[in-house]
Amino acid sequence: MTAVLDAPGAVSEDIAPRHVPASAETTLRLRGTSGLGLGIAVSWLSVLVLIPLAAVVAKSTGGGWSGFWHDVTTPGAWQALRLTLLCSLGVSVVNAVMGTLIAWVLVRDRFRGRRLLEIVIDIPFALPTIVAGLVLLVLYGPTTPVGINLLGTQRGVFFALLFVTLPFVVRTVQPVLLNLDTEAEEAAASLGAPPATTFRRIVLPVLLPAIASGTALAFARAMGEFGSMLLISGGLDRTRVSSMYIFQQIENFDYASAAAVATVLLVVSLIVLLLLDVLQRWAARRG
Amino acid sequence: MRGLAIGYVSVVVLLPLIVICWRVVEQGAAQFWDAISSAQAVKAFELTGIVTVAAVAINTVFGVGVAILLARYRFPGKRALGALIDLSISVSPIVVGLALVLVYGPYNGWFGKPLHDGGFDVIYAVPGMILATAFVSLPLVVREVVPVLEDEGIEQEQAAQMLGANALQRFRRITLPTIKWALAYGVVLSIARAIGEFGAVKVVSGDISGAGQTQTATLLVDERVEQLEPGSYQVSLVLIVVAVIAIVVVSFIRPKESA
């Protein structure tokens, strides 16, 4: 599950709480056993995450800065990065709007089938991405019963990214909306503000940090998506996103150029993490 | 608004899912059984099971340990540790695969070559698949457990300590009951993520079918689609059912924690 998986709303703040000041009453000093535990944890993280990611960066710059630049700017790599970036940005915008709207409907609207809608929204998190690609092609592929064939099209890439990123904004905005007091809205309405104005002036400012966080998570996810891209792209050049490019270079044993594009994706992931950290401080200051 | 939300979710997610279920039904029970009971499919499910159990077990032990360290102790590099754990889930799975091959690859990996010469293969074998799966689901348990530990505080544990309980007793009697629902939630998320992992496992497993198969269930779906062989819908349906079960289980666990 790619993340109930990339469980939104539960980002770095949960792991390294900055808002709680470390004081003698709430935290302890490391001693024998706990120190040993930390040693084991750090060793495991190094072996599993840190050293392998360092190897990617090392490999990409093995031929010097110019080698890295050359690998990233070859037409294939450059086009793939460009397509990935543009599609991810576009998908993020759609998610920011539709995700907020869906969260609004889930929280404020009461209707039959709401429970089903809740479950369906989480499916893209839990579904293997290769299955996501196949599921989309069954309806919007060569054997389409509705006359829409997205196989091997950039629209298909865009649509598949919409599928896999659907839950992020919904799931980050929903809890904020649930906790939102309706008094201010009622006051605005009773003073004659039309619903659109109430939403824009009262609700939207409160939701903004959550919308931004969810959008950033969706963007990061779209940038790295692979499984669904493999099927929907049809293996064509014009639909080749960065992860597909990296995969093809790995298959050709051209690890240096795979690592170069991978390093770009890693840097994007890091930037998004930093951005999320800033957004959470912003939200914490407001809340 | 309601219509727009339902319409969007239907077009993007629900209708495609309904159509694939319908296709499986259309092709019949015999076809379904054949597709999921072939030797290749059985082996694929078995591999998915082994990799999932191993990776989730590792992440559960690691996750609880790290969560206690992050929530209870102060030490230099704490934020870096949290950031590194967060990073692991936002990295593209294909990058994870590449990273592991570069370090553990049998012919020129930093550690992989000496290990290979010593007769132990990581890449193109089950250990690498476990590493890849553990990597992509690393923060799921930690993220759920840390906030619960923080909310709970340490008074109870300190009291137990003063009354003479040792570390293991304190963990079993106080910490574990406190975190059990968050832990269960994190574990279910990890299981679903592990079963569904595709990109990283595709790279590190070498996607071998036949003798010495390293092909998991998700890789089998891919092969059947790309080779235009029948059976991809049926294996997919099994994975869809597992995913939906995971979501429903999670939706029952979740309210107990945070409603």
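Residues numbered from 1 in each chain as written. Chains lettered and ligands numbered in written order. Predicted model: local features only at pLDDT ≥ 70, side-chain atom pairs only at ≥ 80, totals over all residues.

1. Remarks on the overall build of chain B
Item 1. If you tally the helices and strands in chain B, you get 13 helices and one strand.
Item 2. Of the regular secondary structure in chain B, the N- to C-terminal order runs α-α-α-β-α-α-α-α-α-α-α-α-α-α.
Item 3. C-alpha extents for chain B along the principal axes are approximately 65 × 60 × 30 Å.
Item 4. A burial count over chain B gives 50% of its 259 residues as buried. (Helix = DSSP H or I, 4+ residues; strand = E, 2+ residues; numbered from the N terminus. Buried ≥ 20, exposed ≤ 12 C-beta atoms within 10 Å, placed from the backbone.)

2. Details of the overall build of chain A
Item 1. Helices and strands together make up the secondary structure of chain A, namely twelve helices and one strand.
Item 2. Taken along the three principal axes of its C-alpha coordinates, chain A extends 65 × 65 × 30 Å.
Item 3. Per-residue burial over chain A gives 48% buried out of 287 residues.
Item 4. In chain A, the share of contacts with a sequence separation of at least 24, taken over all contacts with a separation of at least 6, comes to 81%. (Contact = placed C-beta atoms within 7 Å.)

3. Observations regarding the interface of chain A and chain B
Item 1. On the chain B side, the residues contacting the 86 residues of chain A number 82 residues.
Item 2. No other element matches the 16 residues that helix α2 (residues 32-60) of chain A contributes to the side of chain A that touches chain B.
Item 3. Class assignment for the residues of the side of chain A that touches chain B results in 68 nonpolar, twelve polar and six charged.
Item 4. Sheet topology places strand β1 (residues 28-29) of chain A next to strand β1 (residues 73-74) of chain B; two bridges connect them, and they run parallel. Residue pairing in the sheet places Leu28(A) in a bridge with Tyr73(B) of β1(B). (Nonpolar A, V, L, I, M, F, W, Y, C, P; charged D, E, K, R; others polar. Pairing = 2+ DSSP bridges.)

4. A look at helix α11 (residues 242-251) of chain A
Item 1. Among the ten residues of α11(A), eight are classified as buried, and the element is accordingly described as predominantly covered.
Item 2. Residues of α11(A) that are buried: Ser242(A), Ser243(A), Met244(A), Tyr245(A), Ile246(A), Phe247(A), Gln249(A) and Ile250(A).
Item 3. Close packing links the buried residues of α11(A) with α4 (75-108), α9 (195-224), α10 (227-232) and α12 (255-286) of chain A together with α5 (93-104) and α11 (199-205) of chain B.

5. Considering the environment of Lys180(B)
Item 1. Tracing the backbone shows Lys180(B) in helix α10 (residues 167-196).
Item 2. The sequence separation of Lys180(B) and Gly118(B) amounts to 62 residues, and the corresponding C-alpha distance is 41 Å.

6. Quick look at the domain arrangement of chain A
Interfaces are frequently sized by the accessible area removed from exposure as the parts join.
All names here are of chain A.
Item 1. Its domain assignment divides chain A into domain 1 (28-60) and domain 2 (65-286).
Item 2. The distance between the C-alpha centroids of domain 1 and domain 2 comes to 30 Å.
Item 3. On the side of domain 2, eight residues touch domain 1, which itself brings five residues to the contact. (Domains from an automatic or database assignment.)

7. Some words on the packing of helix α8 (residues 183-190) of chain A against α9(A)
All names here are of chain A.
Item 1. Where α8 meets α9, the closest approach of the two axes is 10 Å, and the angle between their N-to-C directions is 150°. One way to sum up the angle between α8 and α9 is to call them roughly antiparallel. Note on packing geometry: the crossing formed by α8 with α9 is right-handed. On α9, the residues touching Ala184, Glu185, Ala188 and Ala189 of α8 are Thr198, Ile202 and Val203.
Item 2. In terms of residue class, the contact of α8 with α9 is made up of five nonpolar, one polar and one charged. (Axes fitted to C-alpha atoms, helices over the stretch in contact; angles between N-to-C directions. Parallel < 35°, antiparallel > 145°, perpendicular 65-115°, else oblique. Left-handed = near helix turned anticlockwise from the far one by under 90°.)

8. A closer look at unusual backbone geometry
Item 1. Residue Phe253(A) is not a glycine yet carries a positive backbone phi of 60°.
Item 2. Inspection of the secondary structure puts Phe253(A) in the loop between α11 and α12.
Item 3. Exposure remark for Phe253(A): the 9 C-beta atoms within 10 Å place this residue in the exposed category.
Item 4. With a phi close to 50°, Asp207(B) is a non-glycine residue in the positive phi region.
Item 5. Here Asp207(B) lies in the loop between α11 and α12 (217-226).
Item 6. According to the C-beta neighbour criterion, Asp207(B) is partly exposed, with 17 such atoms within 10 Å.

9. Overview of the nonpolar core
Item 1. With 172 residues, the main nonpolar core has Val95(B), Leu98(B) and Val145(B) as its most contacted residues.
Item 2. Considering every element that reaches this core, the biggest residue donor is helix α7 (residues 154-179) of chain A, with 14 residues.
Item 3. For Leu98(B), the residues in contact, after removing those within four places along its chain, are Val56(A), Ile246(A), Ile250(A), Ala258(A), Ala259(A), Ala262(A) and Val203(B). (Core = buried A, V, L, I, M, F, W, Y, C linked by C-beta atoms within 7 Å.)

10. Remarks on the environment of Ala260(A)
Residues and elements named next belong to chain A.
Item 1. Topologically, Ala260 is positioned in helix α12.
Item 2. On the basis of neighbour count, Ala260 is assigned to the buried category, with 28 C-beta atoms found within 10 Å.
Item 3. With 141 residues separating them in the primary sequence, Ala260 and Ile119 have C-alpha atoms 39 Å apart.

11. Considerations on the packing of helix α3 (residues 64-73) of chain A against α12(A)
Angle between the axes and distance between the axes are the two parameters that describe a pair of packed helices.
Residue and element names in this part refer to chain A.
Item 1. At a minimum axis distance of 9 Å, the contact between α3 and α12 shows a crossing angle of 85°. Between α3 and α12, the crossing angle belongs to the class labelled roughly perpendicular. Of the residues in α12, those touching α3 at Phe68, Asp71 and Val72 are Ala256, Ser257, Ala260, Val261 and Val264.
Item 2. Of the residues that constitute the contact of α3 with α12, the class distribution is six nonpolar, one polar and one charged.

12. Structural notes on the environment of Val188(B)
Residues and elements named next belong to chain B.
Item 1. Inspection of the secondary structure puts Val188 in helix α10.
Item 2. Given 24 C-beta atoms within a 10 Å radius, Val188 is considered buried.
Item 3. A sequence separation of 178 residues divides Val188 from Ser10, and the C-alpha atoms of the two residues are 26 Å apart.
Item 4. For Val188, the residues in contact, after removing those within four places along its chain, are Ala246, Val249, Val250 and Ile253.

13. Thoughts on the confidence of the model for chain B
All names here are of chain B.
Item 1. Of the residues in chain B, 98% reach a pLDDT of 70 or more, and the chain-wide mean stands at 92.
Item 2. When pLDDT is averaged over each element of chain B, α5 comes out on top at 97 and helix α9 (residues 155-162) at the bottom at 85.
Item 3. With a pTM of 0.90, the predicted complex shows an ipTM of 0.92. (pLDDT = per-residue confidence, 0-100.)

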